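A look at the structure
Residue-level listing of the chains:
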Amino acid sequence: MESLAQTEALIQEFETRLLRPEVRRHPDQVAALLDDGFREFGRIWDKPSVIVALQEDAPFECEVSDFELRLLADDVALATYRIRSIATPQRPAAGSLRSSLWRRTTGTWRMAFHQGTPA
């Protein structure tokens, strides 16, 4: 079993991977990071609908800060962080507060819930 620091580094990598355009465009890569029962609030998304939406989303660059991970149980973790997107001709700069619940099943961490709140 990994240490808390190892788990935090792993989940932070998964979170930032989901922000990368080269990952978002590939449904199989996104699906591998999402739990089958995945839900997202803002609008209510499930796993299939968020996979489609991420493929259609305009690419953007962002900076992640204030990343924290709290273990809620041996196989459940809460990730919280901020992102600040960098302005492009297609999209203005914006910030948001993010939270995700991650669940480890059969040794693999997958995102079960996500919420982004404009800040």
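Everything below is about the structure shown above.
Notes on the structure follow. Just so you know, these numbers come straight off a predicted model, no measurement behind them.

The next thing to look at is the sheet that holds strand β1 (residues 34–41). Taken in spatial order, the six strands of this open sheet run β2-β1-β6-β5-β4-β3, and their pairing is mixed. Each edge of the open sheet carries a strand with a single partner, namely β2 (45–46) and β3 (62–73). Relative to strand β5 (residues 94–105), strand β4 (residues 76–85) is paired through 10 bridges, and the arrangement is antiparallel. Residue pairing in the sheet places T80 in a bridge with S99 of β5. Its contacts with the sheet put helix α4 (residues 47–56) on β1 and β2, and the angle it makes with β1 is roughly 70 degrees.

This part covers α4. What α4 keeps buried is the set K47, V50, I51 and L54. Each buried residue of α4 lies within a common arc of 105 degrees when the element is viewed along its axis, so the set occupies one face. Exposed residues on α4 whose side chains face more than 90 degrees from its buried face are P48 and E56. Lining the buried residues of α4 we find α2 (21–24), α3 (27–33), β1 and β2.

Quick look at helix α1 (residues 4–17) now. Between its first and last C-alpha atoms α1 spans 20 Å; for 14 residues at 1.5 Å apiece the expected length is 20 Å, and the two agree. Three or more residues of α1 are buried, namely T7, I11, F14 and E15. Projection of α1 onto a plane perpendicular to its axis shows the buried side chains occupying an angular sector of 100 degrees, all on one side. Along its buried surface, α1 packs onto α3, β3, β4, β5 and β6 (108–118).

Conventions and cut-offs
- Residues numbered from 1 in each chain as written.
- Predicted model: local features only at pLDDT ≥ 70, side-chain atom pairs only at ≥ 80, totals over all residues.
- Heavy atoms only, no water.
- Pairing = 2+ DSSP bridges.
- Helix = DSSP H or I, 4+ residues; strand = E, 2+ residues; numbered from the N terminus.
- Contact = heavy atoms within 4.5 Å.
- Axes fitted to C-alpha atoms, helices over the stretch in contact; angles between N-to-C directions.
- Buried < 20%, exposed > 50% of the residue type's maximum accessible area, 1.4 Å probe, protein only.
- Arc of directions from axis to C-beta.
- Expected span 1.5 Å × (residues − 1).

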